[in-house]
Structure formats: structure tokens, C-alpha cells
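Structural overview for review
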Amino acid sequence: MNLIIYLEMIMKLQEKLDTLVDKYLYSFEIFARKEKLMKCKKSTVGRLNNEEIVAYNVKFENGFEVEILNLGGVITKIITPNKDNNLENIVLAYEDINDYIENPYYYGAIIGRTAGRINEGKIVIDDKEYALNKNYGVHQGHGGNQGFNHRIWQVEVEENKNYVTLNLSTLSKDMEENYPGNLNINVIFNIYENYKIEEIYKAKSDKTTLVNMTNHTYFNLSGNIKEPVTDSYLKLGSDCILELNETYVPTGKKIDVTKTPFDFRKLKLIGRDIDANHEQIKIGNGYDHAFLLNNDKKIYLEDKKSKRNMTIETNQDCVVVYTMNWEHEKMTYTGEVPPIRHGICFETQHPPIGENMCFIKESLLNKDEEYMQKTVYKFSTSK
Ligand code: G6D
């Protein structure tokens, strides 16, 4: 009798085990299928202090691929096809992830609290003077010693049918880099399968402060940094630039671009006037200037060899165009140190704060008001 009972017990146990195995295999299959369908994969690529440096890689079936780090929100890859359908990276990026810890030229990075230089690091808000940390000689530049490019951001990923959202967030505490106000920031990247990236910056502070954020990606549409950006063509709707003094800060004066190297209102070869005999070109050693955008706020870059092009649209009133005018030292993913003029930045922003605190009001964010900066990048390739 006992033997029959035992056999029945074993059979029941076996049935339970089979059910459990089926459930496990099913859930594993779902996971595997989901994993395969997953467009965004994350991987730990380094460490900073006691935090992981994580790369978020978004890849679509058409080959469009974007990779962003939690360190500084750095864009390390934007991969698009050239006219022959070769998929190549169109941004400058370091070979060694550890080079992003210092990142002296802000490769791919979120810039903040403020972009550009602030004259002598001196600001006055509600009649109170603040001495911002000076990391650019006598000025503050790109948010100071520990600007937003240096921090590890919290990242949330949301997968949608034809786009992926990376929502980066952080808190910049009151008096960080001597800026007033606890500032909560979100930088949202919406990455679309049809070769489009929306970058939306939102911020709110519990005290009136300054916010003027941007992205410092160096673009090179030739692909894998093959050619200088002086071979590309640029069209930019801007009637005037901000005059810079010898220390690269705005004087407050605007310069009409007509008949100057800064006129890109018609499509023009970037290399045509980049070394022209013009006082402002000499100061910047090329283009390193704030262009005040006309109403259409559109920037168009084209590389005739690869037939890649990029359109940037923004809600900002200004864009600093920087043509990488000084030697860099670190190797990129090509295994070489990029020569000068092999990347171009389009830092959409408010005008930097210059002499006599000119343009400060454009960067002021009142207590509990929401800051919102939106810049959209569209990439395409003509056949
Ligand atoms: C130089 O003047 C330029 C800046 O505009 C740029 O952002 C930086 O190099 C990387 O300081």
C-alpha cells in the first residue's frame, strides 16, 4: 500500500516540477525575446569614485545608433549611413572612457549651469553679488570646475514603439560653484528610429539663479572623423554675432555679419573664410562665436562627400559655433588624436554673460519658474 502512495506522491511532485520548468522556460523565452527586441542596452564601462560609468546604447534595425553615458550625459555615438550605406560615427568620442572624467574639451557633454564664459565670474542677482568659481583664467566657463559634464546623472529608460527616451536627472545644490538655489534638472533625450534626436532640458530652482544649458557635441559628418569640417557646408539664419573681446567674452556689441566671414545666411563652405583676415576670426582663431538666430532658428550642415546632412532646430535665441580651433591631446575611437577643425559644435543657448554683465537677464531663472531648452537634431543622407 505504502509503495502506491509513494508512487502517487512522486508523480504529483514530477507534475509540479514540470509546471515550474515550463513557467521558467516561458518567462526566460519572454525575457530573451524582449531582450532581443530591446532597443536600449546598458553596460558598465568604467568607474568614477564609487559610482559606475554606464553607457546606454540605443540601436534601431535601420542601423541608426546613439550612445549616451550617465557621466556628463556625454554622447559617444551617433551612427548614420553615408551615401554608400556605410554606417559611421558622426561625432568625436574618446577611445578611453576614463578620458571623459576630465574631458577638458567637453566632448559630447551636457553643459551647465551655464554655457560659455561668464565675465570675471561675477554676477549680481537681486542686488546680491556672487563670485563664481573661475576655471577659465579670469572667467568662469561652462559651469565652473565641476560643471554638469563632470557629474554622474541618474538615468531612466523608456522604450516606445519607434523611439527610446533617456531621462537624465540630477540636483545641483545651493551654492554649488557659488550659484544660488537648489536646482533640479532633467535632460531628456528622445531618440527616434527615423534619425532624429530631441534634447529637452528642464530645470527648477528654489531661489532665483542662472541657467543656460547646452550640448557640446563635436559633429563631423564625413564619418569616423575622416575629413576636416572645413570641407563641410553650413547654412545658418543669423544676421549678427556677438563681438568678443581679447579674453573671449562678449563686449555687449553686436556685429552685422554682412560682408564678413560670419555670413552663413546662404550655404557656404566652412573653410572658405575660417582663416580670414578679420579681427573676430583672429580672436577666436576661427569660429568660436555666438550667432544670434533669426526667427527660423534653423542650422543646416552638409557634407558633400558622404552626402550626410544635419538640421538643428532650437527654441534658443543664440548658437555658439565652435570649430575646434586648438590642438587636442587624447585619442579618439579612430586610434588617432583628431587634428584641429575636425569637429564642429553648435551650442544652442542664451548669449553668454559678458562685460558689465551684458545678457545676464536672458539666463536668469526666477524662483519656482521652469527653464525649458529644446533642440532637435535631424540626420539624413541624400543618395
Ligand atoms: C575653447 O573658447 C573655446 C570654447 O568655446 C570651447 O567650448 C572650449 O574650448 C572647448 O575654450
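First things first, this report covers the structure right here in the doc.

Quick notes on the rules
- Each chain carries its own residue numbering, running from 1 in the direction its sequence is written.
- Per-residue local features of the predicted model are confined to residues with pLDDT of at least 70, and side-chain atom pairs are confined, for both listing and counting, to 80 or more; whole-chain, interface and lining totals are unaffected and use all residues.
- The side-chain numbers reported here are obtained from all heavy atoms of the structure, hydrogens and water having been left aside.
- Helical segments are the DSSP runs of H or I of at least four residues, strand segments are the runs of E of at least two, and each set is numbered from the N terminus.
- Only protein chains enter the accessibility calculation, which uses a 1.4 Å probe; a residue is then buried when its area is under 20% of its type maximum, exposed when over 50%, and partly exposed in between.
- What sets the accessible areas is the Shrake-Rupley method with a 1.4 Å probe; for residues, cover comes only from the shown protein chains.
- We call a residue near a molecule or strand whenever a single non-hydrogen atom of that residue lies within 4 Å of it.
- Pairing of N or O atoms within 3.5 Å defines a polar contact, subject to two protein rules: one partner must be a possible hydrogen donor and the other a possible acceptor, and residues neighboring in sequence count only if both atoms are side-chain atoms.
- In this count, Pro and Cys sit with the nonpolar residues alongside Ala, Val, Leu, Ile, Met, Phe, Trp and Tyr, while Asp, Glu, Lys and Arg are called charged and the others, Gly among them, polar.
- Here the nonpolar core consists of buried residues drawn from Ala, Val, Leu, Ile, Met, Phe, Trp, Tyr and Cys, with membership extended through side-chain atoms lying within 4.5 Å.
- Following DSSP output, two strands are said to pair if at least two bridges run between them.
- Between 30 and 60 degrees the pair is tilted, below 30 it is stacked and above 60 it is edge-to-face, where a pair is any two Phe, Tyr or Trp rings, Trp via its six-membered ring, whose centres lie within 6.5 Å.
- Here, a disulfide means two cysteine sulfur atoms that sit within 2.5 Å of each other.
- Patches here are clusters of residues that have more than 30% relative accessible area and form no salt bridge, with a 9 Å joining cutoff for like charges and a 5 Å cutoff for nonpolar side chains (Val, Leu, Ile, Met, Phe, Trp, Tyr).
- Within this document, salt bridges are pairs made up of a side-chain nitrogen of Lys or Arg and a carboxyl oxygen of Asp or Glu, the two lying within 4 Å of each other.
- An axis is simply a line fitted to the C-alpha atoms; with a helix, the fit covers only the stretch in contact. Between two such axes, the angle follows the N-to-C directions and lies from 0 to 180 degrees.
- Throughout, a residue-residue contact means that at least one pair of heavy atoms, one from each residue, lies within 4.5 Å.

Check the secondary structure of the protein and you find 4 helices and 27 strands. Over its C-alpha atoms, taken along the principal directions, the protein stretches across nearly 105 × 55 × 35 Å. The burial tally for the protein puts 54% of its 383 residues in the buried class. Taken as a whole, the protein presents about 18,000 Å² of accessible surface, with 52% of it coming from carbon and sulfur.

Turning to the site of the ligand, a few remarks are in order. Contacts to the ligand come from Tyr105, Tyr106, Arg117, Tyr136, His142, His216, Tyr218, Asp288 and Tyr322. At 2.7 Å from an oxygen atom of the ligand is found a side-chain nitrogen or oxygen belonging to His216. Look at the ligand: alone it shows 290 Å² of surface, and the protein chains cover 90% of it. Across the shell around the ligand, the residue classes tally to 5 nonpolar, 2 polar and 2 charged.

In this section: the nonpolar core. In a soluble, globular protein the nonpolar side chains are often hidden away together inside. Met213, Phe346 and Phe379 are the most contacted members of the largest nonpolar core, which totals 58 residues. Counting residues per element, this core draws most heavily on strand β13 (residues 183-192), at 5 residues. Leu71, Ile152, Tyr322 and Met324 belong to the second largest nonpolar core, which has 19 residues in total.

Two strands pair when backbone bridges link them, and strand β1 (residues 40-48) and strand β2 (residues 51-59) are joined in this way by 8 bridges, in the antiparallel orientation. Counterpart to Cys40 in the pairing with β2 is Val58. Two successive antiparallel strands, β1 and β2, enclose a turn made up of 2 residues, where Asn49 displays a positive phi of approximately 55°.

As a further point, take the packing of aromatic side chains. Using the criterion set out here, one finds 14 aromatic pairs in the structure. Relative to Tyr195, the ring of Phe64 lies with its centre 4.9 Å away and its plane at 55°, an arrangement referred to as tilted. Pair noted here: Phe64 is in the loop between β2 and β3 (65-69) and Tyr195 is in the loop between β13 and β14 (196-205), with a separation of 131 residues, a long-range link. The exposure classification of Phe64 matches that of Tyr195, with both residues buried. Judged by centre distance (4.9 Å) and plane angle (25°), the rings of Tyr163 and Tyr192 are stacked. Of the two residues, Tyr163 is situated in strand β12 (residues 163-172) and Tyr192 in strand β13; the sequence distance between them amounts to 29 residues. Assessed through its relative accessible area of 23%, Tyr163 is described here as partly exposed.

Going through the model one piece at a time under the given rule, you end up with 0 disulfides. Unpaired in terms of disulfides, Cys318 finds its nearest cysteine sulfur in Cys240, a separation of 9.7 Å.

Let us look at a nonpolar patch on the surface. The grouping of Ile5, Tyr6 and Met9 at the surface amounts to a nonpolar patch, some 320 Å² of accessible area in total. Mapped onto the fold, Met9 is located in helix α1 (residues 2-37).

A separate point is the sheet that holds β1. Taken in spatial order, the 5 strands line up as β1-β2-β3-β4-β5 in an open sheet, and their pairing is antiparallel. In the strand order of this sheet, the two ends are held by β1 and β5 (87-89), each with one partner. Across the sheet, the mean angle from the axis of one strand to that of its neighbour is 20°, orientation sign disregarded. Here 3 bridges tie strand β4 (residues 75-81) to β5, and the two strands are oriented antiparallel to one another. Looking at β5, one finds that Ile79 is bridged to Asn89.

Right, let's talk about the environment of Asp99 for a bit. Structurally, the position occupied by Asp99 is in helix α2 (residues 99-102). On a C-alpha basis, the gap between Asp99 and Met331 in space is 9.1 Å, while along the polypeptide they are 232 residues apart. Those residues within four positions of Asp99 in sequence are excluded, and the remaining contacts are Tyr94 and Lys330.

The next subject is the pattern of salt bridges. By the definition in use, this model includes 24 salt bridges. Two residues, Asp84 and Lys83, come together in a salt bridge whose shortest N-O distance is 3.2 Å. Put simply, Lys268 and Asp273 hold a salt bridge, and the shortest N to O gap is 2.7 Å. When sorted by exposure, Lys268 lands in the same class as Asp273, which is buried. Salt bridges sharing partners connect three or more residues here, namely Lys59, Glu65, Glu67 and Lys77.

This part covers the side chain of Thr323. With respect to the secondary-structure elements, Thr323 resides in the loop between β24 (318-322) and β25 (345-349). A residue is classified by how much of its surface remains accessible, and Thr323, at 0% relative accessible area, is buried. Here Asn325 takes part through its side chain, which lies 2.6 Å from a polar atom of the side chain of Thr323. When neighbours within four sequence positions are excluded, Thr323 is seen to be in contact with Ile270, Ile274, Gly286, Tyr287, Arg341, Gly343 and Ile344.

The next point concerns the sheet that holds strand β18 (residues 238-244). Paired through their backbone hydrogen bonds, the strands of a sheet run either parallel or antiparallel. Ordered in space as β19-β18-β21-β24-β25, the 5 strands form an open sheet in which the pairing is antiparallel. This sheet does not close on itself; its edge strands, each paired only once, are β19 (250-256) and β25. Geometrically, the sheet is characterised by an average inter-axis angle of 30° between neighbouring strands, direction not taken into account. Two strands pair when backbone bridges link them, and β24 and β25 are joined in this way by 5 bridges, in the antiparallel orientation. Counted as the bridge partner of Cys318 is Gln349 from β25.

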